[in-house]
Amino acid sequence: MAGASSYEALEERFAQIGALREAARMLAWDRSVNMPRKGAPARAEQLAALRLVEHEKITDPAVPDLLDGAAEEVAGDPWRAANLREMRRRWLHATALDAGLIAAMESADSECEMVWREARPRADYAAVKPFLQTVLDLIREAGQARGAALGCPVYDALMDVYEPGARTGRIDALFADLAAFLPGFLDRVLEAQSREAPPLPMEGPFAVEVQHALGVRLMRQLGFDFDGGRLDVSLHPFCSGVHDDVRVTTRYDTADFTQSVMAVLHETGHALYNKGLPRGWRRQPAGSARGMAVHESQSLIVEMQACRSAEFIGFLAPLLRETFAGEGPAWSPANLRRHYRRVARSLIRVDADEVTYPAHVILRYRLERRLIGGELSLDDLPDAWADGLDSLLGIRPPDDALGCLQDIHWYSGSWGYFPTYALGALAAAQLFAAALEACPGIPQAISGGDFAPLFGWLAENVHCKASLPASTDELLQEATGAPLGTDAFKAHLDRRYLSER
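Below or above, wherever it landed, is the structure these notes cover. (Residues numbered from 1 in each chain as written. Predicted model: local features only at pLDDT ≥ 70, side-chain atom pairs only at ≥ 80, totals over all residues. Heavy atoms only, no water.)

## Description of the side chain of aspartate 232
Inference 1: Secondary-structure assignment places aspartate 232 in strand S1 (residues 229-233).
Inference 2: A polar contact is formed between the side chain of aspartate 232 and the side chain of arginine 230, at a distance of 2.7 Å.
Inference 3: Every residue in contact with aspartate 232, bar those within four places of it in the chain, is listed here: Trp29, Val33, Val248, Thr249 and Thr250. (Helix = DSSP H or I, 4+ residues; strand = E, 2+ residues; numbered from the N terminus. Polar contact = N/O pair within 3.5 Å; in protein donor to acceptor, adjacent residues only side chain to side chain. Contact = heavy atoms within 4.5 Å.)

In structure tokens:
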């Protein structure tokens, strides 16, 4: 870009990098939703090629001088200064890894994920373990390189990819607080629940096409624009895509629609955050989500805080009766509320209630750290998983499909990601409490299916900020008056599962 300033040259370069990342996300979405199995090797090569082009652009020898030269140019402009800060962070991560390691990781991740997709239904951990070992070895190598560049331990460097600034010392303290609180609280909730009648079953089957139509209707109710997105099916529900083409996926069970409904609402929370990020900063680092903890908070505000509330369930119950031609007391708001607030010592993280969910994340965090540190071998992972779940929730998986094979993350190369799920739950409770304090009419609006007041507050305090704040704590301090903590989450659980019974 002739005559451009250092900062302008960087903006142009990162816009190109952003477009490459968008293309990679769409290819990855297609791999999970549409691609036939035999397409896996070619797709791995395609994604690796994109990663290498991106890597070449960000590690170009000209970039360090541009970063240094832009420092004075952005003075006094908060957004440009934030963008430069995030550019430098991404450059540090990128220059820590050589092109050969990146290509090897992309190839190993793709191959392992495809093997996992076949191994999980068969509970065949042995089939995928050699491929997972390759992924783990490469992740350790990348973590060591990133840690050297960032000046932090290996696991902290891996977390920093997903949650900038995350450090084990802080997370250990938050998780220790939760681990001390949850067992006793869970016992109290289960004891209170035992004094109530169990939820009445809603008889199926529930046709997939009817469930899909319901999901589309609920997404529209929340404000999702289907001219700029779509809803599909995948093995593991997720949200991906780009600003004007956001892809949501779910999975269906013809015997039980309740999980699909909440999965759709959860992923729509992610989608609306993606759509709400500032358009003027699209493809620039500052215009990206602050981190995965904030991203997860936006899905959990929708699914847990708002859509399991008495107000939303009162709105949802007649809609479900209409959709599935339900009759009788099983379709009442009171019974639906019992379904969606049922607490149990469950095996599957994505189906867990919000009381036990943090325990699932804490388990994965602890195992992940031990695997990365070499204190736990993949040979011993299934037993360590069972022992850890037994310690936290008092149950053991009957097979590996319900144990260490259940999540896609490790098998697709996402290490350091899991803590953000629990951090997101804490942030969701804190943000929702602040939203209610600022806009007391939010619950009443939700009872009529109106999410505009809630999303209006989120747009102003979270979505439009993107990565302008330097950290999740800074964003929460501005939005709620305090950094991330556990108090709002514990108060929310106590109110919903004990006080409101």
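Structure's up, so let's keep going.
## Quick notes on the pattern of salt bridges
A side chain with one charge may pair with a side chain of the opposite charge, provided their charged atoms come close.
Inference 1: This model, assessed by the stated rule, comprises 38 salt bridges.
Inference 2: Notably, a salt bridge pairs arginine 89 with aspartate 160, separated by 3.2 Å at the nearest N-O pair. Placement of the pair is arginine 89 in helix H4 (residues 78-95) and aspartate 160 in helix H7 (residues 154-162), with a sequence separation of 71 residues.
Inference 3: Judged by its relative accessible area of 19%, arginine 89 is buried.
Inference 4: Among the charged side chains, a network of salt bridges with common partners joins Arg85, Glu86, Arg89, Asp160, Arg167 and Arg290. (Salt bridge = Lys/Arg side-chain N within 4 Å of Asp/Glu carboxyl O. Buried < 20%, exposed > 50% of the residue type's maximum accessible area, 1.4 Å probe, protein only.)

## Description of the pairing of strand S3 (residues 245-250)
Inference 1: Counting buried residues in S3 gives five out of six residues, a clear majority hidden from the surface.
Inference 2: Sheet topology note: the S1/S3 ladder contains five bridges and is parallel. Note on S3: the bridge partner recorded for arginine 230 is arginine 247.
Inference 3: The sheet contact formed by strand S2 (residues 239-242) and S3 spans four bridges and is antiparallel. If you follow glycine 241 over to S3, its bridge partner there is valine 246. (Pairing = 2+ DSSP bridges.)

## Side note on the environment of alanine 62
Inference 1: By the element assignment, alanine 62 lies in the loop between helix H2 (40-58) and helix H3 (63-70).
Inference 2: Sequence separation of alanine 62 and alanine 103 is 41 residues, and the distance between their C-alpha atoms is 23 Å.

## Let's talk about the packing of helix H16 (residues 419-438) against helix H19 (residues 472-480)
Inference 1: At a minimum axis separation of 9 Å, H16 and H19 run at an interaxial angle of 20 degrees. Taken as axis vectors, H16 and H19 run roughly parallel relative to one another. Handedness of the H16/H19 crossing: left-handed. Contacts from Ala427, Gln430, Leu431 and Ala434 of H16 reach H19 at Leu476, Ala479 and Thr480.
Inference 2: Of the residues that constitute the contact of H16 with H19, the class distribution is five nonpolar, two polar and no charged. (Axes fitted to C-alpha atoms, helices over the stretch in contact; angles between N-to-C directions. Parallel < 35°, antiparallel > 145°, perpendicular 65-115°, else oblique. Left-handed = near helix turned anticlockwise from the far one by under 90°. Nonpolar A, V, L, I, M, F, W, Y, C, P; charged D, E, K, R; others polar.)

## As for empty space enclosed by the protein
Inference 1: For the coordinates displayed, the defined rule picks out two cavities of 30 Å³ or more.
Inference 2: Each pocket or cavity is described by its volume, and for the largest cavity that value is around 40 Å³.
Inference 3: Lining the largest cavity, in full, are Gln211, Leu214, Gly215, Phe257, Ser260, Val261 and Val264.
Inference 4: Listing elements by their share of the lining of the largest cavity, those giving two or more residues are helix H9 (208-222) and helix H10 (258-276).
Inference 5: Residues belonging to the lining of the largest cavity are distributed by class as follows: four nonpolar, three polar and no charged.
Inference 6: Lining the second largest cavity are Arg364, Trp385, Cys404, Asp407, His409, Trp410 and Phe418. (1 Å grid on protein atoms, 1.4 Å probe; cavity = no way out; pocket = protein on both sides within 12 Å on 5 of 7 lines; lining within 4 Å. Points joined across faces, edges and corners; volume = space filled by probe spheres on them.)

## Some thoughts on helix H8 (residues 168-194)
Inference 1: In a regular helix each residue adds 1.5 Å, so 27 residues correspond to 39 Å; H8 covers 37 Å between its end C-alpha atoms and thus fits that length.
Inference 2: In H8, a bend of some 30 degrees at leucine 182 exceeds every other bend along the element, and proline 183, a proline, comes one to four places later.
Inference 3: What H8 keeps buried is the set Thr168, Ile171, Leu174, Phe175, Leu178, Leu182, Phe185, Leu186, Val189, Ala192 and Gln193.
Inference 4: Buried residues in H8 make contact with H7, helix H14 (357-373), helix H15 (381-393), H16 and helix H20 (487-499). (Expected span 1.5 Å × (residues − 1). Bend = angle between axes of the 7 residues up to and from the residue.)

## A short note on the sheet that holds S1
Inference 1: Spatial strand order, S1-S3-S2: three strands in an open sheet with mixed pairing. Since the sheet does not close on itself, it has two edges, and those belong to S1 and S2, each with one partner. Adjacent strand axes in the sheet meet at a mean angle of 20 degrees when their direction is disregarded.
Inference 2: Across the sheet, H10 lies against S1, S2 and S3, angled at about 165 degrees from S3, the strand it touches most.

## Topic: the environment of glutamate 474
Inference 1: Within the fold, glutamate 474 resides in helix H19.
Inference 2: Glutamate 474 sits in the partly exposed class, given a relative accessible area of 32%.
Inference 3: Through-space distance from the C-alpha of glutamate 474 to that of leucine 405 is 36 Å; in sequence the pair is 69 residues apart.

## Here we look at the nonpolar core
Inference 1: Residues Phe175, Trp410 and Tyr411 are the most contacted members of the largest nonpolar core, which totals 121 residues.
Inference 2: At 12 residues, the largest contribution of residues to this core is made by H16.
Inference 3: Dropping the residues within four chain positions of it, phenylalanine 175 is found in contact with Val361, Ile362, Tyr365, Pro419, Ala422 and Leu423.
Inference 4: Counting residues in hydrophobic clusters, the runner-up holds 15 residues, among them Tyr7, Leu10, Phe14 and Leu67. (Core = buried A, V, L, I, M, F, W, Y, C linked by side-chain atoms within 4.5 Å.)

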